[in-house]
Amino acid sequence: MISTDIAIIGAGPVGLFAIFEAGLLKMRCHLIDYLPQVGGQLSEIYPKKPIYDIPGYPTVLAQELIDNLMEQGKPFHPGFTLGERIEGLEKRGEADFVLTTNMGTIIEAKVVVIAGGLGCFEPRKPAVSGLEQFENGRGVNYMILDPEQYRGQKMVIAGGGDSALDWTIFLADVVDELTLVHRSESFRGAPDSVNKVMALAESGRINLVLNSNLNSVSGNGKLESVELIHNKSLETTSVAADHLIPLFGLSPKLGPIEQWNLNINKSAIEVNTDDYSTNIPGIYAIGDINTYTNKLKLILCGFHEAALMSHSAYQYMNPGVKYTMKYTTVNGVSEF
């Protein structure tokens with residue numbers, strides 16, 4: 001079991017900034033995110049996108065902002081559970097929560113902060129009959145957490161964006177046989193990545209199947225083959241595969257949060273703007289996942305919410321106790 005002061009659901013920019021704000025008040029945070037890395041939308045969808053409305057930065061790339069937030073929070077030693085989704089939340093007593101992930105990880109916390117952006121990102125699944133029977137360790141995955149588990153095996157990747165291209169390039173040196181299937185002849189990813197994939201195909205290191213879609217999957221208990229269908233000729237091709245990785249992007253959903261008896265309005269959590277608390281004492285919501293009058297979905301607004309939430313959370317955990325923040329410098333390094 002993991003024990004912490006604040007469990008933060010969501011490791012996007014607002015959740016990461018909350019580490020710093022809570023750390024100033026001597027509260028330790030543990031972050032949980034369904035994505036395999038921190039950064040939320042910024043890292044997963046547009047890491048190279050310039051952001052112009054962060055104070056002190058005329059412009060900053062999305063991934064650079066995430067890297068800086070991680071560096072800012074490092075002195076407070078946060079914990080992370082990545083690639084897992086919170087499935088259950090139970091309140092025990094007046095001020096203790098127990099959270100359980102889809103992988104069975106248990107986190108005990110005094111305060112819960114929902115900083116899930118637009119919600120839990122779930123993979124967009126292709127409309128392939130029988131796909132579900134090969135999920136959960138039987139051959140079909142929608143994220144790659146540990147590339148080494150695929151070493152020496154046969155894999156089919158489906159998709160035409162940056163994720164599909166980047167993983168194809170990386171895994172070409174890991175798997176035994178790799179097939180990339182895409183519904184079109186043109187890709188949505190970076191031109192340099194497209195050129196590298198084409199070079200891998202020309203050299204015979206990967207199989208590139210264009211103008212085709214996934215048609216069916218088959219196997220005896222575990223995935224054994226993937227059938228592809230050409231968009232125009234409707235000709236089908238069977239490809240031997242131990243693993244199928246459809247990479248068609250992510251869609252945001254509230255997921256299990258909808259079942260936690262929170263006040264929800266149009267897929268967003270209603271909060272008190274005094275401190276961004278919810279209708280359940282000890283649970284807060286900050287960032288794009290919350291809603292209130294005149295709400296602006298801006299990262300800097302989420303930072304403001306994280307600051308007020310942290311002060312309220314301290315008072316919630318330490319009723320009647322006054323707090324002070326002290327800044328000291330040791331050998332030129334700031335400590336809190």
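Residues numbered from 1 in each chain as written. Predicted model: local features only at pLDDT ≥ 70, side-chain atom pairs only at ≥ 80, totals over all residues. Heavy atoms only, no water.

## A few points about the UniProt feature "binding site: FAD" (unreviewed entry) in the protein chain
And step 1. Residues annotated in UniProt with the feature "binding site: FAD" (unreviewed entry) correspond here to Asp33, Gln41, Tyr46, Ile86, Phe121, Asp288 and Thr329.
And step 2. Relative to the elements of secondary structure, Ile86 occurs in strand β6 (residues 86-92).
And step 3. Given a relative accessible area of 5%, Ile86 falls into the buried group.
And step 4. Ile86 has contacts with Ile9, Ile32, Leu99, Thr100, Thr101, Ile107, Pro256 and Trp260, leaving out every residue within four places of it along the chain. (UniProt positions renumbered as here; feature names shortened; annotations may be inferred. Helix = DSSP H or I, 4+ residues; strand = E, 2+ residues; numbered from the N terminus. Buried < 20%, exposed > 50% of the residue type's maximum accessible area, 1.4 Å probe, protein only. Contact = heavy atoms within 4.5 Å.)

## Observations concerning unusual backbone geometry
Glycine aside, residues mostly have negative phi, and peptide bonds are mostly found in the trans state.
And step 1. For Leu234, which is not a glycine, the phi torsion comes out positive at approximately 65°.
And step 2. With respect to the element layout, Leu234 can be found in the loop between β14 (223-230) and β15 (236-240).
And step 3. Backbone geometry at Lys266 places phi at a positive 55°, although glycine is not the residue there.
And step 4. Counting through the fold element by element, Lys266 comes out in the loop between β18 (264-265) and β19 (268-270).

## Overview of the pattern of salt bridges
And step 1. Per the counting criterion, the structure on display carries nine salt bridges.
And step 2. We note a salt bridge from Glu135 to Lys125, for which the minimum N-O separation is 3.2 Å. Here Lys125 lies in the loop between β9 (120-123) and β10 (154-158) and Glu135 lies in the loop between β9 and β10, a separation of 10 residues in the sequence.
And step 3. A relative accessible area of 11% means that Glu135 is categorised as buried.
And step 4. Under the relative-accessibility criterion, Lys125 is labelled partly exposed at 46%. (Salt bridge = Lys/Arg side-chain N within 4 Å of Asp/Glu carboxyl O.)

## Comments concerning the side chain of Ser277
And step 1. As for its placement among the helices and strands, Ser277 is situated in the loop between β19 and β20 (283-285).
And step 2. Within the structure, the side chain of Ser277 is placed 2.7 Å from the side chain of Asp275, a separation counted as a polar contact.
And step 3. Discounting chain neighbours no more than four positions away, the residues touching Ser277 are Glu270, Val271, Asn272, Ile283 and Tyr284. (Polar contact = N/O pair within 3.5 Å; in protein donor to acceptor, adjacent residues only side chain to side chain.)

## Some words on the sheet that holds β10
Working definition: the strands of a sheet are paired by backbone hydrogen bonds and lie parallel or antiparallel to each other.
And step 1. Pairing in this open sheet of four strands is parallel, and the strands run β12-β11-β10-β16 from one edge to the other. Where the open sheet ends on each side, the last strands, each with one partner, are β12 (207-209) and β16 (243-246). With direction set aside, neighbouring strand axes in the sheet form an average angle of 15°.
And step 2. Of the pairings in the sheet, the one linking β10 to strand β11 (residues 177-181) comprises five bridges and is parallel in character. Along β11, the bridge assignment pairs Met155 with Leu178. (Pairing = 2+ DSSP bridges. Axes fitted to C-alpha atoms, helices over the stretch in contact; angles between N-to-C directions.)

## A closer look at the packing of helix α1 (residues 13-24) against helix α3 (residues 62-73)
And step 1. Two elements in contact, α1 and α3, have axes separated by 8 Å at closest approach and are oriented at 20°. Taken together, the axes of α1 and α3 lie roughly parallel to each other. In this structure, α1 crosses over α3, and the sense of that crossing is left-handed. Each of Pro13, Leu16, Phe17, Ile19 and Phe20 in α1 lies in contact with α3, whose residues at this interface are Ile66, Leu69, Met70, Gln72 and Gly73.
And step 2. A breakdown of the residues in the contact of α1 with α3 according to their chemical character gives eight nonpolar, two polar and no charged. (Parallel < 35°, antiparallel > 145°, perpendicular 65-115°, else oblique. Left-handed = near helix turned anticlockwise from the far one by under 90°. Nonpolar A, V, L, I, M, F, W, Y, C, P; charged D, E, K, R; others polar.)

## Digging into the packing of aromatic side chains
Aromatic rings considered in pairs are described by the distance between their centres and by the relative angle of their planes.
And step 1. Here the structure, examined in full by the defined rule, presents five aromatic pairs.
And step 2. Aromatic side chains Phe20 and Phe76 sit 5.8 Å apart centroid to centroid with 70° between the ring planes, which places their arrangement in the edge-to-face category. With Phe20 in helix α1 and Phe76 in the loop between α3 and β5 (79-82), this pair connects stretches of sequence that are 56 residues apart. You'll find Phe20 and Phe76 in the same group, each marked buried.
And step 3. What links up through ring pairs into an aromatic cluster is the set Phe17, Phe20, Phe76 and Phe303. (Phe/Tyr/Trp six-rings, centres within 6.5 Å; stacked < 30°, edge-to-face > 60°.)

## Some remarks on the sheet that holds strand β21 (residues 290-291)
And step 1. Spatially, β18-β19-β21 is the arrangement adopted by the three strands of the open sheet, whose pairing is mixed. The open sheet has two edge strands with one neighbour each: β18 and β21.
And step 2. For β18 and β19, the ladder comprises two bridges, and the chain directions are antiparallel. Within β19, the residue paired with Ile264 across the bridge is Ile269.

## What about the nonpolar core?
And step 1. The biggest cluster of nonpolar side chains holds 59 residues, and the ones touching the most others in it are Ile6, Ile114 and Ile286.
And step 2. Contributions of two or more residues to this core are made by β1 (2-9), α1, β2 (29-33), α3, β7 (96-101), β8 (106-114), β20 and α6 (299-317).
And step 3. Per-element accounting of this core gives the leading share, eight residues, to α1.
And step 4. Each residue touching Ile286, except ones within four places of it in the same chain, is listed here: Val14, Ala18, Val113, Ile114, Ala115, Tyr276, Glu305, Ala306 and Met309. (Core = buried A, V, L, I, M, F, W, Y, C linked by side-chain atoms within 4.5 Å.)

## A word on a nonpolar patch on the surface
And step 1. Judged by side-chain polarity, Leu296, Leu298 and Leu300 come together as a nonpolar surface patch covering roughly 230 Å² of accessible area.
And step 2. Positionally, Leu298 belongs in the loop between β21 and α6. (Patch = residues over 30% accessible without salt bridge, like charges linked within 9 Å, V, L, I, M, F, W, Y side chains within 5 Å. Areas by Shrake-Rupley, 256 points an atom, 1.4 Å probe, with all protein chains shown as cover.)

## Quick look at the side chain of Asp33
And step 1. Within the secondary structure, Asp33 is located in strand β2.
And step 2. No salt bridge is formed by the buried Asp33. Its closest oppositely charged neighbour is Arg85, at 10 Å.
And step 3. Once residues lying within four places of it in the same chain are set aside, the contact partners of Asp33 are Gly10, Ala11, Gly12, Thr81, Leu82, Gly83 and Glu84. (Lys, Arg positive; Asp, Glu negative; His and termini not counted.)

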